[in-house]
Amino acid sequence: MDEKTTIMEPAPSTAATPSAASVPVAATAATATAADTSHPIVFLHAISRRFRQGRSTLEILKSVELAVWPSQSVALVAPSGAGKSTLLHIAGLLEQADSGEVYVNGVATSKLTDVQRTRIRRTDIGFVYQFHHLLPEFSAVENVMLPQMIRGLKKSEALNRAAELLSYLGLKDRLTHRPAELSGGEQQRVAIARAVANAPRILLADEPTGNLDQRTSERVFGTLTQLVRASGVAAIIATHNLDIAAQMDRRVTIREGGVVELE
Ligand SMILES: Nc1ncnc2c1ncn2[C@@H]1O[C@H](COP(=O)(O)OP(=O)(O)OP(=O)(O)O)[C@@H](O)[C@H]1O
Ligand SMILES: [Mg+2]
């Protein structure tokens, strides 16, 4: 039996797939919108993850099924300790599950080498952490240039794209600021620009505004959702903010270790 073709057919999504608007970021993220929308871009299949704590074992994720289609935005809303970060790390190939499979664009990633997985992470996946994780000794624009240069882009091309993205996110006058010379909201916007710098197909954000005040958080989220829609990237965003979750195409939670659709 061809496992890949049989299990790559979860129920079709009912959510709309917004088309790319003609904004600067969309041009370079065009690969995401050009993707085959009949298959999920990321598919977590039968994912289980447990942690051993002394003599007991915590089963955090139990046979999780989650398929996300190109251009779709999914809010992951679940209580603290439910396994949101664990799920995002597994989907982002930062951590491996104990069992199950993560398909990225139809490719079973557990069968790949570390080098191949790293390549997928660099080209197809962007990750935004709760705390920005920017490199403190580099400026905003350099932080956004780095992933592109690691991927092999020329410095001038990386600079143009980084400046364009940061301008799009309202940071045109902050390009040369180091992280410590930026506000919390500005740091998170730089982190968002860095995550999408290589025009990923999948954007994973782990409570990206968790450490910001409500107004700043809403402003950063506004930019993030605008960018997600404009670029056609598929996004899974962990958040506690239900107003923000309401703006996404879908809302899911983690209940007794399984991912369930809300509403
Ligand atoms: N490396 C680890 N070893 C042992 N237990 C762990 C490990 N990582 C996570 N856990 C446990 O797994 C559970 C889920 O953790 P996770 O960080 O995924 O939760 P979360 O939903 O992101 O929570 P929060 O909203 O607080 O960020 C927690 O109870 C945590 O203690
Ligand atoms: Mg977490």
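Described in the following lines is the structure provided in the data block. (Residues numbered from 1 in each chain as written. Chains lettered and ligands numbered in written order. Predicted model: local features only at pLDDT ≥ 70, side-chain atom pairs only at ≥ 80, totals over all residues. Heavy atoms only, no water.)

**Concerning the pattern of salt bridges**
Within the structure shown, the criterion is met by 9 salt bridges. Residue Arg250 is joined to Glu261 by a salt bridge in which the shortest nitrogen-to-oxygen separation is 2.7 Å. Pair noted here: Arg250 is in strand 9 (residues 250–255) and Glu261 is in strand 10 (residues 258–261), with a separation of 11 residues, a long-range link. Under the relative-accessibility criterion, Glu261 is labelled partly exposed at 46%. Connected through shared salt-bridge partners, Arg49, Glu95 and Asp98 make up one network. (Salt bridge = Lys/Arg side-chain N within 4 Å of Asp/Glu carboxyl O. Helix = DSSP H or I, 4+ residues; strand = E, 2+ residues; numbered from the N terminus. Buried < 20%, exposed > 50% of the residue type's maximum accessible area, 1.4 Å probe, protein only.)

**Thoughts on helix 7 (residues 155–168)**
In this model helix 7 runs 20 Å from its N-terminal to its C-terminal C-alpha over 14 residues, within 8% of the 20 Å that 1.5 Å per residue would give. Every buried residue of helix 7 is listed here: Ala158, Arg161, Ala162, Ala163, Leu165, Leu166 and Tyr168. Phi turns positive one or two residues past the end of helix 7, at Gly170, with a value near 80°. (Expected span 1.5 Å × (residues − 1).)

**Looking at the sheet that holds strand 6 (residues 125–128)**
Read from one edge to the other, the open sheet built from 6 strands follows the order 6-7-8-3-9-10, with strand pairing classed as mixed. Each edge of the open sheet carries a strand with a single partner, namely strand 6 and strand 10. Within this sheet the neighbouring strands show an average axis-to-axis angle of 20°, counted without direction. Lying over the sheet, helix 4 (residues 84–91) contacts strand 3 (73–76), strand 6, strand 7 (202–206), strand 8 (234–238), strand 9 and strand 10, oriented at roughly 155° with respect to strand 7. Sheet contacts for helix 5 (residues 114–124): strand 6 and strand 7; angle to strand 6, the most-contacted strand, approximately 75°. (Pairing = 2+ DSSP bridges. Axes fitted to C-alpha atoms, helices over the stretch in contact; angles between N-to-C directions. Contact = heavy atoms within 4.5 Å.)

**Some remarks on the packing of helix 7 against helix 8 (residues 184–196)**
In the contact formed by helix 7 and helix 8, the axes pass within 10 Å of each other and the chain directions differ by 135°. On the basis of their axis angle, the class for helix 7 and helix 8 is oblique. In this structure, the crossing between helix 7 and helix 8 has a hand that is right-handed. Contacts between helix 7 and helix 8 pair Arg161, Leu165 and Leu166 from the former with Val190, Ala193 and Val196 from the latter. When the residues that make up the contact of helix 7 with helix 8 are grouped by side-chain class, the tally is 5 nonpolar, no polar and 1 charged. (Parallel < 35°, antiparallel > 145°, perpendicular 65-115°, else oblique. Left-handed = near helix turned anticlockwise from the far one by under 90°. Nonpolar A, V, L, I, M, F, W, Y, C, P; charged D, E, K, R; others polar.)

As far as function goes, none of this settles anything; it's purely spatial.
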